[in-house]
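Summary of the model geometry
The residues making up each chain are set out below.
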Amino acid sequence: MIPARFDYDVAESAAHAIELLGAGGGDTKLLAGGHSLIPALKLRIARPAKLVDIGRLSDLAYVRDGGTHVAIGALSRHAAVASNPLLAEHCPIVSYTAGQIGDPQVRHRGTLGGTLSHGDPASDLPAVMLALGAELVVQGKGGERVIPATELFTGVFETALAPDEMLVEARVPKLAASTGWAYVKANRRAQDWATVGVAALVHRDDGAVAGASIGLVNMGGTPLRARATEDALAGGSSAAEAAALVTDGTQPPSDQAGSSEYRAHLAQVITRRALEQALGN
Amino acid sequence: MRQVALTVNGMRHELELEPRELLVYVLRDRLKLTGTNVGCDTSSCGACTVLVDGESVKSCTVLGVQADGAEITTIEGLAANGSLHPVQQAFHDHHALQCGYCTPGMVMAAVSLIEHGEATSEAAIREGLEGNLCRCTGYHNIVAAVQDAAGAMGRAR
């Protein structure tokens, strides 16, 4: 499969990329690792007039200690995030989940900024960012702004980014040692998109469950928070009782990987597993 | 069209590419390196795996222009001075193939895995080869070959 014709330019900096995006009038797309965009180009689902290659902006490939948070540059490849010691220490759900994306070849190319900007409800890391209450730093021609993860995802393949904005950094909070976490996904083959995925964080106070935040993958048009389950856990429910409420407010899609009803059932099963795992660590 | 310089198996090539040309077709059609196979063409099967700057990638999902300036290794670049690479030798010794279609990609994925120090156990090898499909279901011998090669390469260092 060969993509339709497009123009191509290499960005020399984030500012240059934004300038090129602005000049393209909405028909220009950023190309980072390309592991979502190139398949879409080949299937001709996406037919941008121009691609701006930001894959060489190595100054945006970093993981830094930001005090109360860890800052991850948008051009960080999944493989680099997965093996990063700072994240393993302070926010292991991010490094663990990055290591669950696709397969090694995909992780060598795919980037954090790419997966978050693409807005695919079946991607792993968006739901993790949502559960963490991460902040996304976005650069436009007027400067930077910060978008909370809860406001980033607006629809299937749609985000709050303006056509001439670029995601440059994700800020994930450092987790307390008492916070339990788990990311569990079900898929048909190891490398497939999640049929359903669950990112769970359980906060404890003096050993007792004080609250939880749960992000769901592929249970609607965007990654979703499982608020009913979170509230039940905070109110003292067991993992099984809370997991039974996980479909509240979701609209699971039907496709070849599973029907809507199957996903609803699966979500309850893997939410219970994720909560038990999070409560156990 | 765009001027691109690729170093493939140690040889520098200057090419004029259309931006939409995929790396796998640049290797196969322009450089006549047909050892790299196209399987699924959707970055699922791994048959097109090559090394770009030492890392395994699926060349059906990389544009040739993205690889400008990169060092690329294909299956043709592994053997040196008439001797098979340890991974190739181990595939030969263990009969780690049936039809052979997945083999070039499987070998390149294994080389990347071993060189990154990630082929540390049978389980790690199985996990590390999750991006490569063998439809003859020959995984047993493939995993044995990679384990053997990892040992041989470890001893060689």
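What counts, and where the lines are drawn
Residues numbered from 1 in each chain as written. Chains lettered and ligands numbered in written order. Predicted model: local features only at pLDDT ≥ 70, side-chain atom pairs only at ≥ 80, totals over all residues. Heavy atoms only, no water. Helix = DSSP H or I, 4+ residues; strand = E, 2+ residues; numbered from the N terminus. Rg over C-alpha atoms; globule rule 2.2 N^0.38 Å. Buried < 20%, exposed > 50% of the residue type's maximum accessible area, 1.4 Å probe, protein only. Contact = heavy atoms within 4.5 Å. Areas by Shrake-Rupley, 256 points an atom, 1.4 Å probe, with all protein chains shown as cover. Lys, Arg positive; Asp, Glu negative; His and termini not counted. Salt bridge = Lys/Arg side-chain N within 4 Å of Asp/Glu carboxyl O. Polar contact = N/O pair within 3.5 Å; in protein donor to acceptor, adjacent residues only side chain to side chain. Domains from an automatic or database assignment. Core = buried A, V, L, I, M, F, W, Y, C linked by side-chain atoms within 4.5 Å. Buried area = accessible area lost by both parts, 1.4 Å probe. Pairing = 2+ DSSP bridges. Axes fitted to C-alpha atoms, helices over the stretch in contact; angles between N-to-C directions.

A word on the overall build of chain A. Check the secondary structure of chain A and you find twelve helices and 14 strands. In terms of overall dimensions, chain A is globule-like: its C-alpha atoms have a radius of gyration of 19 Å, near the 19 Å expected for 281 residues. Along the first, second and third principal axes, the C-alpha atoms of chain A reach 55 × 45 × 30 Å. Residues classed as buried in chain A amount to 57% of the 281 residues present. Contacts spanning at least 24 positions in sequence make up 61% of the contacts within chain A whose residues lie at least 6 apart. Approximately 11300 Å² of chain A is accessible, and the part contributed by carbon and sulfur atoms is 49%.

Residues and elements named next belong to chain A. Structurally, Arg204 is set in strand S12 (residues 196-205). Among buried charged residues, Arg204 stands out as having no salt bridge; its nearest opposite-charge side chain is Asp205, 11 Å away. A polar contact of 2.8 Å, which involves the side chain of Arg204, links it to the backbone oxygen of Ser178. Only 3.3 Å separates the side chain of Arg204 from the backbone oxygen of Ala278, close enough to count as a polar contact.

The topology assignment puts Arg20 of chain B in the loop between strand S2 (11-17) and helix H1 (23-30). A polar side-chain atom of Arg20 of chain B sits 3.0 Å from the main-chain carbonyl oxygen of Pro3 of chain A. One polar contact links Arg20 of chain B to Glu18 of chain B, side chain to side chain, over a distance of 3.0 Å. Not counting residues within four places of it along the chain, the set of residues in contact with Arg20 of chain B comprises Ile2, Pro3, Ala4, Arg5, Phe6 and Arg44 of chain A together with Leu63 of chain B.

What follows deals with the domain arrangement of chain A. Segmentation of chain A into domains returns domain 1 (7-53), domain 2 (58-172) and domain 3 (180-280). Here the C-alpha centre of domain 3 of chain A lies 34 Å away from the C-alpha centre of domain 1 of chain A.

By size, the foremost hydrophobic cluster in this structure holds 38 residues, and its most contacted members are Ile93, Val94, Leu116, Met129, Leu132 and Val172 of chain A. The leading source of residues in this core is helix H8 (residues 124-132) of chain A, at seven residues. Residue contacts for Leu116 of chain A: discarding those within four places in its chain leaves Leu125, Pro126, Met129, Leu136, Leu152, Phe153, Thr159, Leu167 and Ala170 of chain A. Ala40 of chain A together with Val4, Leu6 and Leu33 of chain B belong to the second-largest nonpolar core, a separate cluster that totals 34 residues.

With 31 residues of chain B at the interface, the matching set in chain A holds 31 residues. Summing both partners gives a buried area of about 2600 Å² for chain B against chain A, and 52% of it is carried by carbon and sulfur. Here chain B and chain A share four salt bridges between them. Here Arg107 of chain A makes a salt bridge to Glu130 of chain B, at a shortest N to O gap of 3.4 Å.

Residues and elements named next belong to chain B. Across the sheet, which stays open at both edges, the five strands sit in the order S2-S1-S5-S3-S4 with mixed pairing between neighbours. With one partner strand each, in any of the chains shown, S2 and strand S4 (55-58) form the two edges of the open sheet. Put simply, the sheet's adjacent strands are angled 40° from each other on average, direction ignored. Relative to S4, strand S3 (residues 49-52) runs antiparallel, the two sharing four bridges.

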